[in-house]
4 protein chains.
Amino acid sequence: MSDIKKVVLAYSGGLDTSVIVRWLQDNYGCEVVTFTADIGQGEEVEPARAKAEALGIKEIYIDDLREEFVRDFVFPMFRANAIYEGEYLLGTSIARPLIAKRLIEIANETNADAISHGATGKGNDQVRFELGAYALKPGIQVIAPWREWDLTSRESLMAYCKERDIPVDFDGGKKKSPYSMDANLLHISYEGDILEDPWSEPEEDMWRWSVSPEAAPDEPTFLELEYRNGDIVGIDGEAMSAATVLETLNKVGGANGVGRADIVENRYVGMKARGCYETPGGTIMLRAHRAIESITLDREAAHLKDELMPRYASLIYNGYWWSPERRMLQAAIDDTQGVVNGVVRVKLYKGNVIVAGRKSQDSLFDESIATFEDDAGAYDQKDAEGFIKLNALRLRIAASKGRNPLDGQ
Amino acid sequence: MSDIKKVVLAYSGGLDTSVIVRWLQDNYGCEVVTFTADIGQGEEVEPARAKAEALGIKEIYIDDLREEFVRDFVFPMFRANAIYEGEYLLGTSIARPLIAKRLIEIANETNADAISHGATGKGNDQVRFELGAYALKPGIQVIAPWREWDLTSRESLMAYCKERDIPVDFDGGKKKSPYSMDANLLHISYEGDILEDPWSEPEEDMWRWSVSPEAAPDEPTFLELEYRNGDIVGIDGEAMSAATVLETLNKVGGANGVGRADIVENRYVGMKARGCYETPGGTIMLRAHRAIESITLDREAAHLKDELMPRYASLIYNGYWWSPERRMLQAAIDDTQGVVNGVVRVKLYKGNVIVAGRKSQDSLFDESIATFEDDAGAYDQKDAEGFIKLNALRLRIAASKGRNPLDGQ
Amino acid sequence: MSDIKKVVLAYSGGLDTSVIVRWLQDNYGCEVVTFTADIGQGEEVEPARAKAEALGIKEIYIDDLREEFVRDFVFPMFRANAIYEGEYLLGTSIARPLIAKRLIEIANETNADAISHGATGKGNDQVRFELGAYALKPGIQVIAPWREWDLTSRESLMAYCKERDIPVDFDGGKKKSPYSMDANLLHISYEGDILEDPWSEPEEDMWRWSVSPEAAPDEPTFLELEYRNGDIVGIDGEAMSAATVLETLNKVGGANGVGRADIVENRYVGMKARGCYETPGGTIMLRAHRAIESITLDREAAHLKDELMPRYASLIYNGYWWSPERRMLQAAIDDTQGVVNGVVRVKLYKGNVIVAGRKSQDSLFDESIATFEDDAGAYDQKDAEGFIKLNALRLRIAASKGRNPLDGQ
Amino acid sequence: MSDIKKVVLAYSGGLDTSVIVRWLQDNYGCEVVTFTADIGQGEEVEPARAKAEALGIKEIYIDDLREEFVRDFVFPMFRANAIYEGEYLLGTSIARPLIAKRLIEIANETNADAISHGATGKGNDQVRFELGAYALKPGIQVIAPWREWDLTSRESLMAYCKERDIPVDFDGGKKKSPYSMDANLLHISYEGDILEDPWSEPEEDMWRWSVSPEAAPDEPTFLELEYRNGDIVGIDGEAMSAATVLETLNKVGGANGVGRADIVENRYVGMKARGCYETPGGTIMLRAHRAIESITLDREAAHLKDELMPRYASLIYNGYWWSPERRMLQAAIDDTQGVVNGVVRVKLYKGNVIVAGRKSQDSLFDESIATFEDDAGAYDQKDAEGFIKLNALRLRIAASKGRNPLDGQ
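None of these values were measured; they are calculated from a predicted model. (Residues numbered from 1 in each chain as written. Chains lettered and ligands numbered in written order. Predicted model: local features only at pLDDT ≥ 70, side-chain atom pairs only at ≥ 80, totals over all residues. Heavy atoms only, no water.)

Peer 1: Sorry, what's going on with the nonpolar core here?
Peer 2: Grouped burial of nonpolar side chains is what soluble globular proteins tend to show. With 432 residues, the main nonpolar core has Phe69 of chain A, Phe69 of chain B, Phe69 of chain C together with Phe69 of chain D as its most contacted residues. Once you skip the residues sitting within four places of it in the chain, Phe69 of chain A turns out to touch Ile39, Val74, Ile94, Ala95, Leu98, Asn184, Leu185 and Leu186 of chain A. (Core = buried A, V, L, I, M, F, W, Y, C linked by side-chain atoms within 4.5 Å. Buried < 20%, exposed > 50% of the residue type's maximum accessible area, 1.4 Å probe, protein only. Contact = heavy atoms within 4.5 Å.)

Shown next as structure tokens:
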């Protein structure tokens, strides 16, 4: 294998990435730097230190990236109302560019010549990690063990552990979930096992972050979300940091059965895959952001955002956060958000997120014009005739030349 | 006023359009042909005959358009997964082109030189009626009384009725709703009154087609929807006509608290307006259609549909059903639907529509490739490296020339 | 007519707008402020002062807006490579928002309550002037004499002049062109007369800014254009202001037969219209800008710009310069231009604009990778296999499930 | 190497693909079927038979695909007005899906299990061939010698020939061009050698299909092109087949110096590359098609086509002809072309293609409305006021709420 001297590994502290540490040491004979981040996955990151030390690691990075994650990645994405394929809130996708950025920063600090990760060769995450890494440091080398090694079954992995004395009760004796999972402050995801049949419904005990709508309280919960420049800056009158906003919404949303999704999605590498997701806070944020935009955004700006959104969402899904085209779209999106200020009142009830009110100093809703009552001349109904006549002109001319829409002309 | 001899009026049988009949007779001195359609608004249309006769109408058209409405308008629209501004299922919009078409057909049959409708000068419906009419018969004249007359308040309208002996208990003594409403097989809408303040929540007794999530049954309801070419052709194993499908879904959805929306939308005439909608069947159909597409549609076709959808939805919202650009988009959309066949299982529960399964003979989901287990060589993980490397090449070159994404380059 | 006290008129000094001065005075009994701008139309603006004074005007504004026009309107538009309907370089369209802005600024300075212009009711310019004015001062009133008066023929206009003692040799005895023309630093346009038949070719003596390709020199002219942030800042090594750049290119381009266009375009008001245009400098700038972008812009940013361009061009054509959606697109476009630096060498010859070279410190063209010769490992050809395999995966799966593209599946 | 028994090779009859024949026989020990197509590259294809026989080939396919190429690939593409990156008419790209289709058809007929081609691992053509092949026959194997072998320099290739007794004067002693070239009925392309520096101008003797503008006749040539359903069906009154149309236009265009392009383009595999192209007929067709559309197409259909075009062009450039998304766009495009009938008169002069007239029975140009003269009431100028007022309404409301476009709001 190539002459790599030092590699920075995205290290979770779990079994798989611990195996990778040893495999890298064995096969590349290189020094391994571990990087473990708290992005809100809900597990302690500090224990990773001892595990890394036990594997002989000398350079160990453990970072709390929760605020940066929400402020610089999740919030900008929600300004776009991004949804992939009509359903997926991009919870895994949006965490990857941040990990890629830190891997490269650490590679620079430690003079490493490579990075490594535990993503498989069938998934999107390898693409997201590596596109980000290459965009930020073009000469970096990438080691993707799952694409290289022959430990393709659980059995072969266990055999490898036994052979190398890697403790297999690494996950602390917790019952191993049959699902492949990923979590961060925005969501938790489940893949594999019975989900591989799109006709089968997930079992209730799979879900970890939310109660079922059936089990949610019989009384609704109301929240008032305060927006500034398109981001939530406070809840129920209390100012909050970005990460605290999302944590709070996750907790309240999950308690009310909000945010489950069960979809078949199209991966960038070309296959369809079944995934289940819990995104309680994100589900609330998406609906609330649309609500505050509904009274503050100009119509055509809003429509243009809607037309650009699927492209923007695909870019993030496919791993192109650190690309010129994503930044270009972000510039357009952010240009519209200076007026997206105000308060949205939402009602959470057994899985439902219901907008119960929206108000803003920057509202473009004009009751004096919209009213069904006498508007005192604010709007001249006669203007509508000319508006319609000229919008119809091209259609009238076509029809007068003999074209008939009923015949598809 | 111009020398119009005969006008076809979209006549509901209610007070407003009855006033219009008299006003047309008085002000234009012309013959009035009434046209009343059953598009599933949930009121008898036959009584309109006697009312029209009482107003001296000789040519009275009463049509049951429910099947045509769902088959030729609602279903094609749902193939596109159309939503306006992220929330509105276009329930009113999609009925207008059918009414416009019938008005023109009747104008042709009766040698009328004009059409008339009861839509106000502030709304979208006038635009939709008239764009359709002009596209189908360019020389037609349009009389829009609400843009012309001075009966701008309820009082002046009542005074006019009294003066002309128009019976004001026309609506059969039913308590007059404070809301402006519109209904057809796809939805019922509410505007006006307290809704004119976007901060105020609608009162529970406004809603007519659905129970609240709170009042819905504690047990979920499951449905199996069978798709053929993108349209639902059967429910729970029973073949059904288009209108019956929608009626059935409305009933079951409404009973489970499904399909309420409360939004501020941007009208084509330039103002923001608050509207509340109940679209039980449509809400189920949208989610289920996405689910069947998720296993049967090619990724890029699906993404292109998503990118075109906002444009398509705006065209329908703005009244351009009978335009070349709508047909052009429909051609693209319909081109993809030949493979959209199969069954979607949905679970309805207190306002939630949950996809509980999807299967299809035309499924592109390939378990042998998607699996986390050994795939027996169906997919070569090593291919991913080249895929990523070449997708990254432009980014690597840019970075190697000194561009740094962290500096926005 | 309404109680307007003072109106700011876009005044050319020509016969038509002089008639408008008198007509406004007569019909509105209001004070008229004249505003005449030099935007490079090629006629002296100072003589407008004496003419305005002769009409009794007290507040006369005469501005040289050439630099602002090119710097703040033409150059930003060319960053987008904007073309309307594949052919039209938007020469008239782009001048209107500047005129609208100045009209409103002057209305603010002079406490005028209205603006007025000489654009007809069939054209796009009325829309552009008025949309701009309303966006910048929502309470402004607009007087559009051509939509109001009955001076619809040349004869009635002349009769009006005679009656009111308006000198009809106002245009200095110059032979009246049979064409309706408009000029500014970006272009000159021709409409009307024999052009109203799309089958007839314009006569050679119509064109004013360029020689015909036939009459152009037999020797080519070469220019080196220096770009900075997407704008031309120097020609042949000499730094130049924005307006000087365009003047220079117009002169050299026109002398080489460059920049004529003869098209049928779709007006925003709904009709098709024939127009001929001379845009010598703009024609050179469009091609050269694409050339400098071809070596400096990232592929996906360039493609996204191309996809957004038609929308952007329509917005300008339709008069929406001062809209949120135009600014939003501009933000996206401008975000890409920081790297658009370098030099383009163009060859002008008898109507042709030929790119003869492009170079840049910010070039992304990498000879070591692009070469047909041995690239010393800069690019690994084996990567292409994985790239193709995974891009093909969705197509392979579809085909393996029995879909056949030859049958349109 | 894998156990391939028979491979179909896209065989030009030239040296490179002759080497590939031998290399396949040597390295795969498999039978080779050669396929040589006349797609208008301007060289005899029949001589390839003897060369193939000399190499021991038993199954030799030689097809004249010129009509199919223009009718089923070039013409549909020109209906879209497709241009890649503003300059490239996709001459190479559009020929590849046809070659891929024939390779697969022949593989099916001959029971071959693989195809092979002579495209390099750096270019787009490998992608186009292989995507097409995989889409049409998912189990096919692909051998791309340039990605596998070590004959990476001219010297090593010659040494191989010498060793295997492959005659190196295969190309008939013609002076070897320093450029890599590709030709078909739509264009001829040049890459490599001095073109690898984007600042250097190509030498005049590189160009093969056109005279320079300088060397073109001093008298213009006029042509009348007759369109039916968006395709040219006759020239100067003479009905012609698709291929004859293109041949004719190539000849006349080339003689008038029409159709040269010199660009830097972005390849799908991620690099920028310099290419020069001669596309005489295509250059005329693009301009003429836009001209006939300008009088026959509805405005919004035309604009939508313009917005979709860059995507469509990229799909073809990238090799996705046989994809659902290309077919979907084609369905939209073709839906508009039923009215694209009529005649365009073009003037060719020293590199210029000038539209000198367009006429159609399906013209939407309405002189009675467009006229500057009295239109006898065909258009009511007063309608424009309402049209503008309501289009401005959202902007007026925003401004009245304090938003100021001059401050970017």
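Picking up where we left off.
Peer 1: Even after reading the chapter, I still don't get the interface of chain B and chain A, so can you show me in this structure?
Peer 2: How big an interface is tends to be expressed through the accessible area that disappears when the partners come together. Contact residues are listed per partner, giving 105 residues for chain B and 106 residues for chain A. Between chain B and chain A, the buried area comes to about 9,700 Å², and carbon and sulfur atoms account for 57% of it. On the chain B side of the interface with chain A, the three residues burying the most area are Glu196, Trp199 and Lys272 of chain B, jointly 9% of the side's total. The shortest N-O distance in the salt bridge between Asp375 of chain B and Lys122 of chain A comes to 3.0 Å. Our count for the chain B to chain A interface comes out at 45 residue pairs in polar contact (both at pLDDT 80 or more). Tallying contributions element by element places helix H13 (residues 383–400) of chain B first for the side of chain B that touches chain A, with twelve residues. (Buried area = accessible area lost by both parts, 1.4 Å probe. Salt bridge = Lys/Arg side-chain N within 4 Å of Asp/Glu carboxyl O. Polar contact = N/O pair within 3.5 Å; in protein donor to acceptor, adjacent residues only side chain to side chain. Helix = DSSP H or I, 4+ residues; strand = E, 2+ residues; numbered from the N terminus.)

Peer 1: Honestly, the packing of aromatic side chains in this entry has me stumped. Any pointers?
Peer 2: Each aromatic ring pair is summarised here by two numbers: the centre-to-centre distance and the angle between the ring planes. The full count for this structure, using the stated rule, is 50 aromatic pairs over all chains. Through pairs of rings, three or more aromatic residues link up here, namely Tyr268 and Tyr320 of chain A, Phe387 of chain B, Phe387 of chain C together with Tyr268 and Tyr320 of chain D. Taking NZ or CZ as reference, Lys359 of chain C lies 4.2 Å from the ring centre of Trp199 of chain D, over its face. (Phe/Tyr/Trp six-rings, centres within 6.5 Å; stacked < 30°, edge-to-face > 60°. Lys NZ or Arg CZ within 6 Å of the ring centre and 35° of its normal.)

Peer 1: Would you explain the interface of chain B and chain D in this entry?
Peer 2: With 24 residues of chain B at the interface, the matching set in chain D holds 24 residues. For the pair chain B and chain D, the summed buried surface comes to about 2,100 Å²; carbon and sulfur atoms form 69% of the total. The interface formed by chain B and chain D includes two salt bridges. Residues Glu307 of chain D and Arg311 of chain B are paired through a salt bridge, measuring 2.5 Å at the closest nitrogen-oxygen approach. Between the two partners, chain B and chain D, sit two residue pairs in polar contact (both at pLDDT 80 or more). Contributions of two or more residues to the side of chain B that touches chain D are made by helix H10 (299–318), helix H11 (324–335) and H13 of chain B.

Peer 1: Sorry if this is basic, but what is going on with the environment of Gly132 of chain D here?
Peer 2: Mapped onto the fold, Gly132 of chain D is located in helix H5 (residues 125–136). In the structure, Gly132 of chain D is positioned 190 residues away from Trp322 of chain D in sequence and 5.9 Å away in space, judged by C-alpha atoms.

Peer 1: Whenever I open this one, the pattern of salt bridges confuses me. Can you help?
Peer 2: Side chains that carry opposite charge are capable of pairing whenever their charged atoms lie near each other. Tallied over the entire structure, the rule returns 144 salt bridges over all chains. Between Asp125 of chain A and Arg128 of chain A there is a salt bridge whose closest N-O contact spans 2.7 Å. A residue pair is termed a helical-turn pair when its members lie 3 or 4 positions apart in one helix, as Asp125 of chain A and Arg128 of chain A do in helix H5 (residues 125–136) at three residues. Arg147 of chain D is the salt-bridge partner of Glu130 of chain D, the closest N and O atoms lying 2.9 Å from each other. One end of the pair, Glu130 of chain D, is in helix H5; the other, Arg147 of chain D, is in helix H6 (residues 145–148), with 17 residues separating them in the sequence. Here Glu130 of chain D matches Arg147 of chain D in class, with each residue buried.

Peer 1: Help me out: how do you make sense of unusual backbone geometry in this one?
Peer 2: The general pattern is negative phi for most residues beyond glycine and trans for most peptide bonds. Non-glycine residue Glu85 of chain C carries a positive phi angle of around 55 degrees. Of note in the backbone geometry, Lys350 of chain D takes a positive phi value of approximately 45 degrees without being a glycine. With respect to the helices, strands and loops of the structure, Lys350 of chain D is situated in the loop between strand E13 (342–349) and strand E14 (352–359).

Peer 1: Got a minute to help me understand the sheet that holds strand E8 (residues 221–228) of chain A in this structure?
Peer 2: Residue and element names in this part refer to chain A. Here we have five strands laid out as an open sheet, ordered E10-E9-E8-E13-E14, and antiparallel in their pairing. Both edges of this open sheet fall to strand E10 (238–239) and strand E14 (352–359), since each of them pairs with a single strand only. Examined bridge by bridge, E8 and strand E13 (residues 342–349) share seven bridges and lie antiparallel to one another. Across the sheet, Leu223 pairs through a bridge with Val346, a residue of E13. (Pairing = 2+ DSSP bridges.)

Peer 1: How should the side chain of Asn124 of chain A be read in this particular structure?
Peer 2: Residues and elements named next belong to chain A. By the element assignment, Asn124 lies in the loop between strand E4 (114–116) and H5. Note on Asn124: relative accessible area 6%, which makes it buried. Contacts of Asn124, omitting those with residues within four sequence positions, involve Glu265, Arg267, Tyr268, Val269 and Tyr317.

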